[in-house]
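# Architecture at a glance
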Amino acid sequence: MNDTIALLKRRRSAPPAIMTGPGPSQEELQTILAIASRVPDHGKLVPWRFIVFAGEARERAGRIALDIRLQDEPDLDEGMKTEELRRFARAPVVVGVVSRAAPHVKIPEWEQVLSAGAVCMNMIVAARALSFSATWLTEWPAYDARFRAAIGLTEHERIAGFIHIGRAAQIEDRPRPPLDEIVTVF
């Protein structure tokens, strides 16, 4: 079997809570980001960008998430407070993929959004190819305008995903849909 096909057949998402370090080195992360950016991009608009949360930045992002959550739920229990503080510290590195999709005279916004999704998937495959685990999550902070502003997004930008990268033991595959249930020949 071709190495690329074998890699794709092994790809699994690992929960960030079971990820450990070490995370990617600076050189490995640069490779992951470079590969992530090699996606279809009609019009060469680059309708996405990256925010890297590593080291203490993960805890700062968790503090922002907790502060916002406490605005909405001041009676949050201690367990949930701890969970919010660790939200971005569960994996050694988290990369926010920011969609910058915007109206364009030729390129539909939908194609720009799909390009950002392709970035997320390329990032996961690149991380896996370098022997890391990677998981694509959004969770509530991706949809909260206060959180997005606090981490530097403009009003029109959105989070396509937070890609958690670390190391995890091989996990069991989840059931996949049988192709005869999802494929139609026209």
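Structural notes, computed from the coordinates. (Residues numbered from 1 in each chain as written. Predicted model: local features only at pLDDT ≥ 70, side-chain atom pairs only at ≥ 80, totals over all residues. Heavy atoms only, no water.)

## Some details on the side chain of Asp 41
- Among the structural elements, Asp 41 can be located in the loop between helix H2 (26–36) and strand S1 (48–54).
- Within the buried core, Asp 41 has no salt-bridge partner, and the shortest N-O distance to an opposite charge, that of Arg 100, equals 8.0 Å.
- A polar contact of 3.1 Å, which involves the side chain of Asp 41, links it to the backbone nitrogen of Leu 45.
- At 2.8 Å, the side chain of Asp 41 forms a polar contact with the backbone nitrogen of Val 46.
- In this structure, Asp 41 is in contact with Val 46, Pro 47 and Ser 115, ignoring residues within four places of it in sequence. (Helix = DSSP H or I, 4+ residues; strand = E, 2+ residues; numbered from the N terminus. Buried < 20%, exposed > 50% of the residue type's maximum accessible area, 1.4 Å probe, protein only. Lys, Arg positive; Asp, Glu negative; His and termini not counted. Salt bridge = Lys/Arg side-chain N within 4 Å of Asp/Glu carboxyl O. Polar contact = N/O pair within 3.5 Å; in protein donor to acceptor, adjacent residues only side chain to side chain. Contact = heavy atoms within 4.5 Å.)

## Comments concerning a nonpolar patch on the surface
- On the surface, a nonpolar cluster with roughly 450 Å² of combined accessible area is contributed by Leu 179, Ile 182, Val 183 and Val 185.
- As for its position among the elements, Val 185 is in the segment after helix H7 (179–182). (Patch = residues over 30% accessible without salt bridge, like charges linked within 9 Å, V, L, I, M, F, W, Y side chains within 5 Å. Areas by Shrake-Rupley, 256 points an atom, 1.4 Å probe, with all protein chains shown as cover.)

## As for the packing of helix H3 (residues 56–72) against helix H4 (residues 78–86)
- Two elements in contact, H3 and H4, have axes separated by 6 Å at closest approach and are oriented at 140°. In terms of axis orientation, H3 runs oblique to H4. Side by side, H3 and H4 meet where Gly 62, Arg 63, Ala 65, Leu 66, Arg 69 and Leu 70 of the first sit next to Met 80, Lys 81, Glu 84 and Leu 85 of the second.
- In the contact of H3 with H4, the residues fall into five nonpolar, one polar and four charged. (Axes fitted to C-alpha atoms, helices over the stretch in contact; angles between N-to-C directions. Parallel < 35°, antiparallel > 145°, perpendicular 65-115°, else oblique. Nonpolar A, V, L, I, M, F, W, Y, C, P; charged D, E, K, R; others polar.)

## Brief notes about the sheet that holds S1
- What the four strands build is an open sheet, ordered S1-S2-S4-S3; its pairing is antiparallel. Of all the strands in the sheet, just S1 and strand S3 (133–137) have a single pairing partner and so form its edges. Taking each pair of neighbouring strands and ignoring which way they run, the sheet shows an average axis angle of 20°.
- The sheet contact formed by strand S2 (residues 93–99) and strand S4 (residues 158–166) spans seven bridges and is antiparallel. Residue Ser 99 lies in a different strand from S4, and its bridge partner there is Arg 158. (Pairing = 2+ DSSP bridges.)

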